[in-house]
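Each chain is listed here by its residues.
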Amino acid sequence: MAAPIDADPASPEGSTMTTPVNDTPDLRATARAMVAPGKGILAADESTGTIAKRFSAIGVENTEPNRRDYRELLFRTPGMAEYVSGVILFDETIRQRGADGTPLVEHLVAQGVIPGIKVDAGAQPLAFAPGETVTEGLDGLRERLQEYRTLGARFTKWRAVIHIGDDTPSGYAIDVNAHALARYAALCQEVGLVPIVEPEVLMDGPHGIDECFEVTEITLREVFAQLAQHGVELDAMVLKPNMVVSGTEARERADPASVAAHTIRCFARTVPVAVPGIAFLSGGQSDAEATANLDAINREAAKVGAPWELTFSYGRGLQAAPQAAWGGRAENARAAQEAFLHRARLAAAARSGAYDPAMEDEVTTIPS
Ligand code: 13P
């Protein structure tokens, strides 16, 4: 039976949860704060393997101290809270302390930034489905979520990956990924954490924007059907989807106006108005491209009166520039912070439909 509308979604009546959460924050308020006007989310939850690729591109060895130093400089960027509502951390990071012994999570909280945590265990090959994956990590998830809550997390992320190819995606792959996303989201709300539900239709491949539209629409329909089936409170979650874009190897790439029109139309057909916000991944777009597309999406949304906040939850779209500026050298920390603040400021402008490509050439200075 559905919980009454004013019930605390973290403590549903008749719940069989093992450890009741006594200090549950209002999940709906947290979800709204994550997509607050003018702000978006930094995805800094690269697994050790993924950050290895980013570090290798800038000639930095992938060691624990290097990962800590890099993330510490990001999280201590003065002024970031003006543009960044929350940060998604990786398991290692939520347990790390900075140079002065302060937990990195506390640096975020001190700035008024909400800590979150990636809780999936990654996409693995799906049996009998060549070229497709299913995201794993449900076993023992309730207990891990409870621990993350004690470590300071207030929201979570789980990423499902949908592959567009000659014979994919199959309905089977969409179903199992949507089912896992819904099981994850329900567990999070039970424990008192806001789930970011991330079904990513990958942009890899030569497909056009219409195929991305079709696959994104089918995927989101299934995701919301499963969320309903699992009793997930839609006003206490954040959706993190791909934008509807052309494949990276498409002969003609759709421009931002076309991306915006396709994206808003796709979501209008699939995403319930109860969802407070949609925070896009950048998914391999360049930082300028991800920013221009988000800006166009917000302009289109204002024209048609779209009901959700439309913001960013970028990894590469916010970090490529600071990583290049840092290059593993402590003396570059301030330059890296400025590069990060610059990208965050531009993404925040785009999130309000107030971005101008000329802003790319401006300099963003750290507030003193
Ligand atoms: P990108 O913006 O680099 O796609 O990363 C966002 C993310 O968290 C993917 O799960």
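All of these numbers come straight from a predicted model, not from anything done at the bench.

1. What to know about a negative patch on the surface
Here is step 1: Taken together, the side chains of Asp166, Asp167, Asp210, Glu211 and Glu214 present a region of like negative charge at the surface.
Here is step 2: Of note, Glu214 is situated in helix α8 (residues 209–229).
Here is step 3: Overall, the relative accessible area of 48% leaves Glu214 in the partly exposed class.

2. Details of the site of the ligand
Here is step 1: Around the ligand, a shell composed of 13 residues is seen, among which Lys157, Lys240, Ser282, Gly283 and Arg316 lie nearest.
Here is step 2: Measuring from an oxygen atom of the ligand, one finds a side-chain N or O atom of Ser282 at 2.5 Å.
Here is step 3: In the model, an oxygen atom of the ligand is placed 2.7 Å from a nitrogen or oxygen of the Arg316 side chain.
Here is step 4: Out of a free accessible area of 300 Å², the ligand has 92% covered by protein chains.
Here is step 5: A class-by-class count of the residues in the shell around the ligand yields three nonpolar, four polar and six charged.

3. Regarding the pairing of strand β2 (residues 84–89)
Here is step 1: Of all the six residues making up β2, six are buried; the element is thus mostly covered by neighbouring parts of the structure.
Here is step 2: In the sheet, β2 pairs with strand β3 (residues 114–118) via four bridges, with the strands oriented parallel. Within β3, the residue paired with Ile88 across the bridge is Gly116.

4. Digging into the packing of helix α9 (residues 256–268) against helix α10 (residues 287–304)
Here is step 1: The geometry of α9 relative to α10 is characterised by a closest axis approach of 8 Å and an angle of 55° between their N-to-C directions. The orientation of α9 relative to α10 falls into the category oblique. Between α9 and α10 the crossing geometry is right-handed. For the pair α9 and α10, the contacting residues are Pro256, Ala257, Val259, Ala260, Ala261, Thr263 and Ile264 in the first and Ala292, Asn293, Ala296, Ile297, Glu300, Ala301 and Val304 in the second.
Here is step 2: Residue composition of the contact of α9 with α10, by class: eleven nonpolar, two polar and one charged.

5. Remarks on the nonpolar core
Here is step 1: Residues Val87, Tyr184 and Leu227 are the most contacted members of the largest nonpolar core, which totals 86 residues.
Here is step 2: In contact with Tyr184, other than residues within four places in its own chain, are Val119, Leu138, Leu141, Thr156, Lys157, Trp158, Pro195, Ile196 and Val197.
Here is step 3: Counting residues in each nonpolar core, the second largest holds 14 residues, with Val35, Ala43, Ile114 and Ile196 among its members.

6. So, unusual backbone geometry
As a rule of thumb, non-glycine residues mostly have phi less than zero, and peptide bonds are mostly trans rather than cis.
Here is step 1: Between Thr168 and Pro169 the backbone carries a cis peptide bond, its omega angle lying at 5°.
Here is step 2: Here Pro169 shows up in the loop between β6 (155–162) and α7 (171–191).
Here is step 3: The backbone phi angle of Phe128 is positive, close to 60°, even though this residue is not glycine.
Here is step 4: Note on placement: Phe128 falls in the loop between β4 (123–125) and β5 (133–135).
Here is step 5: Judged by its relative accessible area of 85%, Phe128 falls in the exposed class.

Conventions used here
- Residues numbered from 1 in each chain as written.
- Predicted model: local features only at pLDDT ≥ 70, side-chain atom pairs only at ≥ 80, totals over all residues.
- Heavy atoms only, no water.
- Patch = residues over 30% accessible without salt bridge, like charges linked within 9 Å, V, L, I, M, F, W, Y side chains within 5 Å.
- Areas by Shrake-Rupley, 256 points an atom, 1.4 Å probe, with all protein chains shown as cover.
- Salt bridge = Lys/Arg side-chain N within 4 Å of Asp/Glu carboxyl O.
- Lys, Arg positive; Asp, Glu negative; His and termini not counted.
- Charge placed at Lys NZ, Arg CZ, Asp CG, Glu CD.
- Helix = DSSP H or I, 4+ residues; strand = E, 2+ residues; numbered from the N terminus.
- Buried < 20%, exposed > 50% of the residue type's maximum accessible area, 1.4 Å probe, protein only.
- Near = heavy atom within 4 Å.
- Polar contact = N/O pair within 3.5 Å; in protein donor to acceptor, adjacent residues only side chain to side chain.
- Nonpolar A, V, L, I, M, F, W, Y, C, P; charged D, E, K, R; others polar.
- Pairing = 2+ DSSP bridges.
- Axes fitted to C-alpha atoms, helices over the stretch in contact; angles between N-to-C directions.
- Parallel < 35°, antiparallel > 145°, perpendicular 65-115°, else oblique.
- Left-handed = near helix turned anticlockwise from the far one by under 90°.
- Contact = heavy atoms within 4.5 Å.
- Core = buried A, V, L, I, M, F, W, Y, C linked by side-chain atoms within 4.5 Å.

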